[in-house]
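Coordinate inspection notes
Listed below are the residues making up each chain.
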Amino acid sequence: MSSTLSAAQQKYEDAARAGWLYYVAGKTQDEIARQLHTSRQSAQRLVALAVSEGLIKVRLQHPVKRCMELASQLKEVFGLQQCEVVPSDADNPHSTAGLAQAGAAELERYLKGQHPRTVALGTGRILRACADELTALQCPQHNIVSLVGNIAHDGSASRYDVAVHVAERAGARHFPMPLPVIAPSEEDKQQWHNLPHVSNVRALALKADVAFVGIGHLGTVSPLHIDGFIAKDTLDNLETAGAAGEMISWIFDGQGQLIDSPINRCVTSMSLQDLAGTTIIGIAAGEEKIAAINGALKSGLLNGLITNEYTATRLLESSSQQSQSAE
């Protein structure tokens, strides 16, 4: 069998090597160019490719002063126990760059402990990216439990089921929530919750030491709609009712109050209100999620937040404007 690489494969080989030389070995782009027998411009592009394609993972270890100040203000304004703000791209208000690395680092802080822990997880794109950033570990003493079902009405599974991927990276036991996200009726929901294997997973989730959840926005580009869990007409009705966002498929308004709707009555996910005493950390950022994050923070259900500099600034501005309007 030939060991000759195709042009595309060779490009990735060179990018991986360039990324390693730059971020691990500390080489300059001129030094990388000499080692790879290419131009400085090509070396620069290879390093950029290594990062954009996830061939090398970068984490910020030194806290940025402005981000620390924003985190402290968010904790004070919203009564959070913990908060981390990562730098953001000033040219891209929709960027979530850096969130996955920060979320993975916080996850690892719990997973690296020797004492057995139960880590509960929601679902979504950001949390899945956190799972992909995790260092490979061997933590058989821990339990990883899902807070939310991952099956659509047509029986298809969500691509963003997070718990299984975290469990694989951590070498830990995995307890999925084997349910559709939305039950056809309240009666079906109750019957499913009473099934022994589902009841056991829910009981384990109630004992979680920490829970990580995404904060989703609503609208035609919302994950709940795109992934087939909520139809367009239902989405329109929710927006008319003042819906601002969702956490583990529970839909709330701008003040963090749950919307009285058939969807919320049939959501099979764990209720965050039931996780009293659990550290619940939300991970989200981006202009389109400002209203959702603001509502989630006002709900009082979160006691931790990981976001970025742009989003933190917007949240504080919004809170200040609302306070002034109330005076």
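In this text, all values refer to a predicted model and were calculated from it rather than measured experimentally. Here the residue numbering is sequential within each chain, running from 1 through the sequence in written order. Restriction of local features to residues with pLDDT of at least 70 applies here, the model being predicted, together with a cutoff of 80 or more for giving and counting side-chain atom pairs; totals for whole chains, interfaces and linings are based on all residues. The side-chain quantities take in all heavy atoms of the structure and omit both hydrogens and water.

1. Topic: the pairing of strand β7 (residues 243-247)
Only protein chains enter the accessibility calculation, which uses a 1.4 Å probe; a residue whose area is less than 20% of its type maximum is buried, one above 50% is exposed, and one in between is partly exposed. Counting from the N terminus, the helices are the DSSP runs of H or I reaching at least four residues and the strands are the DSSP runs of E reaching at least two. With five of its five residues buried, β7 lies for the most part within the structure. Note: two strands are recorded as paired if DSSP finds a minimum of 2 bridges between them. As paired strands, strand β6 (residues 216-217) and β7 are joined by two bridges and run antiparallel to one another. In the sheet register, His-217 faces β7, and the bridge partner there is Gly-245. Pairing geometry for β7 and strand β8 (residues 250-253), over four bridges, is antiparallel. Counted as the bridge partner of Met-247 is Trp-250 from β8. Taking the residues between adjacent antiparallel strands as the criterion, β7 and β8 are bridged by two residues, where Ile-248 takes a positive phi near 40°.

2. Comments concerning a nonpolar patch on the surface
Patch membership requires over 30% relative accessible area and the absence of a salt bridge. Like charges are linked within 9 Å, and nonpolar side chains (Val, Leu, Ile, Met, Phe, Trp, Tyr) within 5 Å. Shrake-Rupley sampling with a 1.4 Å probe provides the accessible areas, and residues are treated as covered by the protein chains on show and by no other component. Each reported salt bridge corresponds to a side-chain nitrogen of Lys or Arg within 4 Å of a carboxyl oxygen of Asp or Glu. Taken together, the side chains of Trp-20, Tyr-22, Tyr-23, Val-24, Val-51 and Val-58 make up a nonpolar region of the molecular surface, amounting to roughly 540 Å² of accessible area. At three residues, helix α1 (residues 7-23) tops the list of elements feeding residues into the nonpolar patch. Mapped onto the secondary structure, Val-58 falls in the loop between α3 (40-52) and α4 (65-78).

3. Considering unusual backbone geometry
A positive phi is found at Ile-248, a non-glycine position, where the angle reads about 40°. A residue is classified by how much of its surface remains accessible, and Ile-248, at 4% relative accessible area, is buried. We note that Ser-249 has phi near 75°; this positive angle belongs to a residue other than glycine. You can see Ser-249 is positioned in the loop between β7 and β8. Of the residues examined, Ser-249 reaches a relative accessible area of 5% and is grouped as buried.

4. Side note on the packing of aromatic side chains
Pairing of aromatic rings covers Phe, Tyr and Trp, the last through its six-membered ring, and needs centres within 6.5 Å; plane angles under 30 degrees mean stacked, over 60 mean edge-to-face, and all others mean tilted. Under the defined criterion, the tally for this structure stands at two aromatic pairs. Considering the side-chain rings of Tyr-110 and Phe-212, the 6.2 Å spacing of their centres and the 85° angle between planes classify their relative orientation as edge-to-face. Of this pair, Tyr-110 sits in helix α5 (residues 99-111) while Phe-212 sits in strand β5 (residues 210-214); the two residues are 102 residues apart in sequence, bridging distant segments of the chain. Assigned by exposure class, Tyr-110 and Phe-212 land together as buried. Taking the ring centre of Tyr-110 as reference, the NZ or CZ of Arg-109 above it sits at 4.8 Å. For a lysine, the NZ atom is tested; for an arginine, the CZ atom; a charge sits over a ring if that atom is within 6 Å of the ring centre and within 35 degrees of the ring normal.

5. Let's talk about the nonpolar core
Counting 57 residues, the largest nonpolar core has Leu-74, Leu-147, Ile-215, Met-247, Ile-251 and Leu-305 as the members making the most contacts within it. The contact criterion used throughout is that any non-hydrogen atoms of two residues lie within 4.5 Å. In this structure Leu-147 touches Ala-120, Leu-121, Gly-122, Met-177, Ala-205, Ala-211, Val-213, Ile-248, Ser-269, Met-270 and Leu-275, once residues within four positions along its chain are discounted. Definition of nonpolar core: a set of buried residues of the types Ala, Val, Leu, Ile, Met, Phe, Trp, Tyr and Cys, connected through side-chain atoms within 4.5 Å. Judged by nonpolar contacts, the second largest core, of 29 residues, contains Val-162, Ala-163, Ala-172 and Ile-281.

6. Quick word on the sheet that holds β8
What the three strands build is an open sheet, ordered β6-β7-β8; its pairing is antiparallel. Since the sheet does not close on itself, it has two edges, and those belong to β6 and β8, each with one partner.

7. Section: the side chain of Ser-299
Relative to the elements of secondary structure, Ser-299 occurs in the loop between α13 (290-298) and β10 (304-308). Side-chain polar atoms of Ser-299 contact the backbone oxygen of Ala-296, separated by 2.5 Å. N or O atoms closer than or at 3.5 Å make up a polar contact, with two conditions inside protein: a donor-capable atom paired with an acceptor-capable one, and, for residues adjacent in sequence, both atoms drawn from side chains.

8. Some points on α4
Working rule for helices: expected span equals 1.5 Å times residues minus one. Taking 1.5 Å of rise per residue, the 14 residues of α4 would be expected to cover 20 Å, and the 20 Å separating its terminal C-alpha atoms lies within 8% of that figure. Residues of α4 that are buried include every one of Cys-67, Leu-70, Ala-71, Leu-74 and Phe-78, and no others. The buried residues of α4 occupy an angular sector of 100° when the element is viewed end-on, so they sit on one face. Opposite the buried face of α4, by more than 90 degrees, sit the exposed residues Lys-65 and Glu-76. Just downstream of α4 lies Gly-79, where phi reads positive at about 65°. The directions considered for the arc are those from the helix axis to the C-beta atoms.

9. Side note on α3
A rise of 1.5 Å per residue sets the reference length of α3, with its 13 residues, at 18 Å; its end C-alpha atoms lie 18 Å apart and thus fit the reference within 8%. Residues of α3 that are buried include every one of Ala-43, Leu-46, Val-47, Leu-49 and Ala-50, and no others. Along the axis of α3, the buried positions cluster into a sector of 160°, meaning they face one direction only. Exposed and oriented more than 90 degrees from the buried face of α3 are Arg-45 and Ser-52. Residues of α3 that are buried make contact with α1 and α2 (29-36). Once α3 ends, the next one or two residues include Gly-54, with phi positive near 70°.

Treat this as a map of the structure, not an account of what it does.
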